[in-house]
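# Residue-level structural notes
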Amino acid sequence: MSNPIALIVDDEPDILELLEITLGRMSIDCRKAADLRSAQKQLLNERFDLCLTDMRLPDGNGIELVELIGHRLPELPVAVITAHGNMDSAIQALKAGAFDFVSKPVDLQILRRLVETALKLDQPRGATGGEQPTGGDTILLGEAPAMEQIRVMTRKLARSQAPVYISGESGTGKELAARLIHQQGPRSDQGFVPVNCGAIPLELMESEFFGHTKGSFTGALADKAGLFQAAEGGTLFLDEVADLPLPMQVKLLRAIQEKSVRPVGAQSEVTVDVRIISATHKALADLVEKGLFRQDLFYRLNVIELNLPPLRERREDIPLLADLVLTRIAGQHGTDKSRIDPATLDALCQYDFPGNVRELENILEGAVTLCEGGVITLEDLRIPETRSGPEQAPTADLPLEDYLEQVEKERIIKALEQTRWNRTAAAKKLGISFRALRYRLGKLGLD
């Protein structure tokens, strides 16, 4: 099998030589170009597996080469070499379609990792196209045009290392979309590390993200790797990134830009190779305007945005999703699959689902428990539009323990509905911690 071939483009002979030697030691053959015109000519006359280009060229800009490759050779990964600290150029290149970037002076360890990742792009990987995961992973299933666009977009995003910002209401499946991007990309053989930014105590946040050394603070009994190190070579998913406090936002920005972290108590930084995908149900741009989220971090995270539609904008998918949920529930419980009568299905399709797919799953799990004869009727659905009468207050005739449990359950459900099933926000509304809410959801059978 022949060696991969890379086109390296730079007008500095020393840089070209450094790149050629480094790639040569990785058994990659190199073709060199000192300007934009020569690079364009070679690209159109020879097949390459990778392109590395400087941003500044004597007769043009590296962005022009990125755009040409994106238009004429979309399967060819191209990375840009930027001046140190010039993140504006790096982000501009990523938005134009660059696979990744490396800064001068070139860190050879980072360069080698970039090249290794790029060359994995043509290898077969996990679920793609219509081969979507089933069971609980319902977000990317559906026949609505919006969902087909999302599936196409995830395949494109999987071929890049650009940071992705996933927006959408709670319950639309932002983590599932992030997982699919990871599974379809060259990092699929490494870890996918999700973290809820709103669930980490402030005093532990830096240690959780970057790790710490033994004795760096009270309770640090041994060295501990952080989330960035745990995601090494893979993907770090920052869920509810809007909940990060401003001091942590500064440190996160530096870690992303420098591709390195400093564990608490350490004297030196550690290089990390991690792809960042972030998400929140909040309007992040509005938080930037209010000074609650750093503009530079928003700019760095929001290189490419993927917006997930709410369930009410793809009602035609509700019957399919409901059927999949019922299939999963039957499989988990080892029971016959319940079915929904036509009138009840019509009611489901008319409901706005403020909690989206997650709320649909919760509603059907409750309905399966309540239904008789394996048929779910209007009486079994706990949604406002389908309850047969006005909301009834809990009766005091119940035993005290049952009465208190019913009050607690209704208070939690109300808080979840008011916060569009955002558990972090619901916990704040209830005046309890996120972990306490998770415990209560499990205890009450709402999780």
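## So, the sheet that holds strand β6 (residues 78-82)
- As summarised here, the arrangement of the five strands in space is β2-β1-β3-β6-β7, forming an open sheet in which the pairing is parallel. At either margin of the open sheet sits one strand with a lone partner, and together these are β2 (29-33) and β7 (100-103). The average angle at which neighbouring strand axes cross in this sheet is 20°, direction not considered.
- As judged from the four bridges shared by strand β1 (residues 5-9) and strand β3 (residues 50-54), these two strands associate in the parallel manner. For Ala6, the partnering residue across the bridge sits in β3 and is Leu50.

## Remarks on the nonpolar core
- If you look at the biggest cluster of nonpolar residues, it comprises 46 residues, and the most contacted ones within it are Leu7, Val9, Leu43, Cys51, Leu65, Ile166 and Leu306.
- Residues within four places of Leu306 in sequence aside, it is in contact with Ile150, Met153, Thr154, Leu157, Val164, Tyr165, Ile166, Ser167, Ala177 and Ile181.
- Core analysis: the next-biggest nonpolar cluster, separate from the first, contains 32 residues, Val193, Cys197, Ala231 and Met248 among them.

## What to know about the packing of aromatic side chains
- Within this structure, the stated rule accounts for six aromatic pairs.
- With 6.4 Å between their ring centres and 80° between their planes, Tyr165 and Phe298 make a pair best called edge-to-face. Pair noted here: Tyr165 is in strand β8 (residues 164-167) and Phe298 is in helix α12 (residues 295-301), with a separation of 133 residues, a long-range link.
- Residue classification places Tyr165 among the buried residues on the basis of a relative accessible area of 4%.
- Owing to a relative accessible area of 17%, Phe298 belongs among the buried residues under this scheme.
- Ring plane angle 70° and centroid distance 4.7 Å describe the contact between Tyr351 and Phe353, whose orientation is recorded as edge-to-face.
- Looking at Lys259, its charged tip hangs above the ring of Phe101, at a distance of 4.4 Å from the centre.

Conventions and cut-offs
Residues numbered from 1 in each chain as written. Predicted model: local features only at pLDDT ≥ 70, side-chain atom pairs only at ≥ 80, totals over all residues. Heavy atoms only, no water. Pairing = 2+ DSSP bridges. Helix = DSSP H or I, 4+ residues; strand = E, 2+ residues; numbered from the N terminus. Axes fitted to C-alpha atoms, helices over the stretch in contact; angles between N-to-C directions. Core = buried A, V, L, I, M, F, W, Y, C linked by side-chain atoms within 4.5 Å. Buried < 20%, exposed > 50% of the residue type's maximum accessible area, 1.4 Å probe, protein only. Contact = heavy atoms within 4.5 Å. Phe/Tyr/Trp six-rings, centres within 6.5 Å; stacked < 30°, edge-to-face > 60°. Lys NZ or Arg CZ within 6 Å of the ring centre and 35° of its normal.

Scope: geometric values only; no functional claims are made or implied.
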